[in-house]
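Coordinate analysis (summary)
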Amino acid sequence: MGNPLQDRRTAAEWAAVGQVIKIAEEIGGFERLASIVEADLAALEPDKMPAAWRDTVIAGELKFGFADAQQRVPTVRCRVAVTVDAVCQRCLEAFRLPLETEAEWMLLGLDETAEGYEDHEVWELEESTLRPKDIVEELLIMALPFSAMHVDSESCKALSAAADDREDRTKPFAALRAQMIQDQ
Ligand SMILES: [Zn+2]
């Protein structure tokens, strides 16, 4: 049995069976996502590169259905969670960034609209068939921060360096005071 994530069917076919797909895939299996993570990690010195970043497992679920009782508007709901290796843009060190996101889309063809559902997000179908894996990948790419930074500021070297700086700035005064005491 193949992995339904890789299968191609029409949105109506996925929705008609109310397909539910459990996601347990490694980052390395998502080409576009992996290339974005790789480009980010390329800023690191080779010895600081996290060894197994491609093996990190993405967990989650996809669920197809319909927005309407008449079953004319197919929908998909997707939630995913993964902890990606990233480079902190503040201190330029590698760190692990937890991402958790979910979305629901109506699956519509180009220029197709669904009356009464204008406030719903639309996933535009560029082809007649749809591969669930592409939805997972797109959702994760959208969840990647534009500028990743240490979530925990105590592990961020840039922030602790800034704290050291502040200490340094008080030192001239300490030195001056010591000087004044000496001069007395
Ligand atoms: Zn940092």
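Residues numbered from 1 in each chain as written. Predicted model: local features only at pLDDT ≥ 70, side-chain atom pairs only at ≥ 80, totals over all residues. Heavy atoms only, no water.

Some details on the overall build of the protein chain
Going by this rule: Elements are defined by DSSP. Helices are runs of H or I of four residues or more, strands are runs of E of two residues or more, and each kind is numbered from the N terminus. Only protein chains enter the area calculation, which uses a 1.4 Å probe; residues under 20% of their type maximum are buried, those over 50% are exposed, and those in between are partly exposed. Here the open area of atoms and residues is found with the Shrake-Rupley method and a 1.4 Å probe, where only the protein chains shown may cover a residue.
Along its length, the protein chain carries 4 helices and 5 strands. When each of the 184 residues of the protein chain is scored for burial, the buried share is 35%. Accessible surface, the protein chain as shown: approximately 11700 Å² in total, 49% of it carbon and sulfur.

Observations concerning the coordination of the zinc ion
Definition in use: Listed donors are limited to N, O and S atoms within 2.8 Å of the metal, widened to 3.2 Å for Na, K and Ca; water is not among them, so incomplete-looking sites are possible. Any site counts as irregular unless it has four donors with all angles between 85 and 135 degrees, making it tetrahedral, or four or six donors with opposite ones more than 155 degrees apart and the rest between 65 and 115, making it square planar or octahedral.
The zinc ion binds to the protein through Cys88 (SG), Cys91 (SG), His150 (ND1) and Cys156 (SG), with metal-donor distances spanning 2.0 to 2.3 Å. Geometry at the zinc ion is tetrahedral, judged from its 4 donor atoms and the angles of 102 to 116° they form at the metal.

Topic: the environment of leucine 5
Here is the rule we go by: Every residue pair with non-hydrogen atoms within 4.5 Å of one another is taken to be in contact.
Structurally, the position occupied by leucine 5 is in the segment before helix H1 (11-16). With a relative accessible area of 1%, leucine 5 lands in the buried category. Along the sequence, leucine 5 and arginine 131 sit 126 residues apart, while their C-alpha atoms lie 6.5 Å from each other. Setting aside residues up to four positions removed in sequence, leucine 5 forms contacts with Ile21, Ile23, Glu25, Leu62, Arg131, Pro132, Lys133 and Val136.

Side note on the pattern of salt bridges
Applied cut-off: By definition, a salt bridge exists where a carboxyl oxygen of Asp or Glu is found within 4 Å of a side-chain nitrogen of Lys or Arg.
For the structure shown, the criterion picks out 9 salt bridges. Its salt-bridge partner being arginine 32, residue glutamate 138 comes within 3.3 Å of it at the nearest N-O pair. One end of the pair, glutamate 138, is in helix H3 (residues 132-143); the other, arginine 32, is in helix H2 (residues 31-41), and 106 residues separate them in sequence. Where arginine 96 meets aspartate 85, a salt bridge forms, and the shortest distance between an N and an O atom there is 3.3 Å. Placement of the pair is arginine 96 in strand E4 (residues 94-109) and aspartate 85 in strand E3 (residues 74-87), with a sequence separation of 11 residues. On the basis of relative accessibility, which here comes to 46%, the residue arginine 96 falls in the partly exposed class. The network of salt bridges with common partners includes Lys48, Glu93 and Lys157.

Considerations on H2
Selection criterion: Taken from the helix axis, the directions to the C-beta atoms give the arc we talk about.
Burial in H2 covers these residues: Leu33, Ala34, Val37 and Leu41. All buried residues of H2 lie within an arc of 95° about the axis, which places them on one face of the element. For H2, exposure combined with an orientation more than 90 degrees from the buried face picks out Glu31 and Ala39. Where H2 is buried, its residues meet strand E2 (57-66), E3 and H3.

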